[in-house]
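Okay, here's what each chain looks like letter by letter:
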Amino acid sequence: MADPALVALLVGFARALRAAGIAAGPGDALSYCRAMTVLDPADLTDLYWGGRVTLLGRREDVPRYDEVFRRYYLGDVATPGERQLPTAEADAVFTLPETEGTGPDRESEALLGLTASGVESVKVKAFGACTPEELAAIRRMIARMRVTPPRRRTRRTRPARRGPIPDLRRTVRGTLRRYGEPGELHRRRRRVRLRALVLVLDVSGSMADYSRHLLQFAYSARRAAARVEVFCFGTRLTRITDELGSRDADVALAKAARTVVDWEGGTRIGESLTEFVRRWGRRGLCRGAVVVVCSDGLDRGDPEVLAKAVERLSRLCHRLVWTNPHHRPGAVGMLVAAPHVDLVVRGNDLRSLEELAALLPRLG
């Protein structure tokens, strides 16, 4: 974990549990820190259940754990009960029942849950209709989203216990060790490597409600694998792959925003894709890659230029996916690009971005 202050906070909670008589050793504290690298440390829900799963070994220690958790993270609360706390996904109710009166008839448990209806409504709600609090929650959820690029089989092979390709060299060597007596037939299989993933994002004015979230999605993909390239375009094409390489998401997005000079301006999809094909695609960037174009298809340029650019791009890449947040099939850009696109998906809400992230590994 990179943040020393957060590590000290989590280790301090484990020490507080140990001082209260709960057997939470150094290995348990290390597991707690590892769990919080996957969960959200700013969310009390994740803090509670992450510690309860990794630091507790007996059910009888739950009431004492609740008391220490309340005192350590919430302050000394005299009367336990429901506390409304802001979370990343939705409004959560943090309920710690009273620890008195525990027995076989009444089990003292910490009830810590999320309102499922709130989470689902945020996932299916369009980005343009979300409140600022919901947008902040969506950005945090996108940051935790796992984007896995597709894979492909290469021509190179590797030794394997089972495989369609016989390994003659290993087989002959094994036969020579046995003085010519035939032995085991060794096998090989093809190596698997990640395909290149290229994201081309429309940051024009018509995409203002979706640009930042698509950029956050691109940042998650860039952090997941090295072979991910990200471009932005409005009236001109800009490569922002290096800007998204920072560990801090806010710093990376700020660098990308300073690099893209035509943010929320006009749209020239045809000219931008033509420049992408001429400058990057023909040099091998798109060879065997999955290219995802995120745009609503509202183009102010010549439709013929866009049609030629999309046709050339489809011939260069392995798969061409078009993400249309506005879902306007009647837009001129969509009409001329549709014959050359392999798949059209929506990207107007969190649910559609999750579906796109789940779809990418199957495009290999």
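Residues numbered from 1 in each chain as written. Predicted model: local features only at pLDDT ≥ 70, side-chain atom pairs only at ≥ 80, totals over all residues. Heavy atoms only, no water.

### So, the sheet that holds strand 6 (residues 187-194)
Then step 1. The 3 strands are arranged 4-6-5 in an open sheet whose pairing can be described as antiparallel. The open sheet terminates on both sides in strands that have one partner only, identified here as strand 4 (151-160) and strand 5 (165-166).
Then step 2. Pairing analysis gives 7 bridges linking strand 4 to strand 6, with the strands arranged antiparallel. Each bridged residue has a counterpart across the sheet, and for T157 the counterpart in strand 6 is R190. (Pairing = 2+ DSSP bridges. Helix = DSSP H or I, 4+ residues; strand = E, 2+ residues; numbered from the N terminus.)

### A few points about the nonpolar core
Then step 1. Counting residues in hydrophobic clusters, the biggest one holds 39 residues, and the most contacted among them are L197, L201, I240, L244, V292 and L360.
Then step 2. At 7 residues, the largest contribution of residues to this core is made by helix 8 (residues 208-224).
Then step 3. Once residues lying within four places of it in the same chain are set aside, the contact partners of L197 are P149, A221, R227, V228, E229, V290, V292 and L360.
Then step 4. Residues V198, L237, A337 and V341 belong to the second largest nonpolar core, which totals 26 residues. (Core = buried A, V, L, I, M, F, W, Y, C linked by side-chain atoms within 4.5 Å. Buried < 20%, exposed > 50% of the residue type's maximum accessible area, 1.4 Å probe, protein only. Contact = heavy atoms within 4.5 Å.)

### Side note on helix 8
Then step 1. Between the first and last C-alpha of helix 8 there are 25 Å, a value that for 17 residues agrees with the 24 Å anticipated at 1.5 Å per step.
Then step 2. Regarding helix 8, the residues found buried are Y210, S211, H213, L214, L215, Q216, F217, A218, Y219, S220 and A221. (Expected span 1.5 Å × (residues − 1).)

### What to know about the environment of H186
Then step 1. In this fold, H186 is placed in the loop between helix 7 (168-177) and strand 6.
Then step 2. Considering only alpha carbons, one finds H186 and I165, 21 residues apart in sequence, at a separation of 8.8 Å.
Then step 3. In this structure, H186 is in contact with I165, P166, D167, R170 and T171, ignoring residues within four places of it in sequence.

### Re the confidence of the model for the protein
Then step 1. Put simply, the protein has an average pLDDT of 78, and 80% of its residues get 70 or more.
Then step 2. Low pLDDT, under 50, characterises residues 77-118; the stretch is placed with 90 contacts to residues that sit more than four places away or in other chains. (pLDDT = per-residue confidence, 0-100.)

### Structural notes on the environment of L199
Then step 1. With respect to the element layout, L199 can be found in strand 7 (residues 197-202).
Then step 2. Along the primary structure L199 and V321 are separated by 122 residues, whereas in three dimensions their C-alpha atoms are 9.6 Å apart.

### Brief notes about the state of the cysteines
Then step 1. Throughout the structure, instances matching the rule amount to 0 disulfides.
Then step 2. C232 carries a free sulfur, and the closest cysteine sulfur to it, the one in C294, is 9.5 Å from it.
Then step 3. Since its relative accessible area comes to 0%, C232 is described here as buried.
Then step 4. Taking relative accessible area as the criterion, C294 reaches 4% and is therefore assigned buried. (Disulfide = S-S within 2.5 Å.)

### With respect to the pairing of strand 10 (residues 290-294)
Then step 1. Of all 5 residues in strand 10, 5 are buried, a share of seventy percent or more.
Then step 2. Two strands pair when backbone bridges link them, and strand 7 and strand 10 are joined in this way by 5 bridges, in the parallel orientation. In the strand pairing of strand 10, L199 is matched with V292.
Then step 3. Judged from the 5 bridges that link them, strand 10 and strand 11 (residues 319-323) form a sheet pairing that is parallel. Looking at strand 11, one finds that V292 is bridged to V321.

### Section: the sheet that holds strand 7
Then step 1. Read from one edge to the other, the open sheet built from 6 strands follows the order 9-8-7-10-11-12, with strand pairing classed as mixed. The outermost strands of the open sheet, each flanked by one partner alone, are strand 9 (237-239) and strand 12 (343-345). With direction set aside, neighbouring strand axes in the sheet form an average angle of 20 degrees.
Then step 2. Here strand 8 (residues 228-233) pairs with strand 9 via 3 bridges, running antiparallel. Pairing of C232 across the sheet is with T238, part of strand 9.
Then step 3. The sheet strands contacting helix 11 (residues 303-316) are strand 10 and strand 11, and the helix crosses strand 11 at an angle near 135 degrees. (Axes fitted to C-alpha atoms, helices over the stretch in contact; angles between N-to-C directions.)

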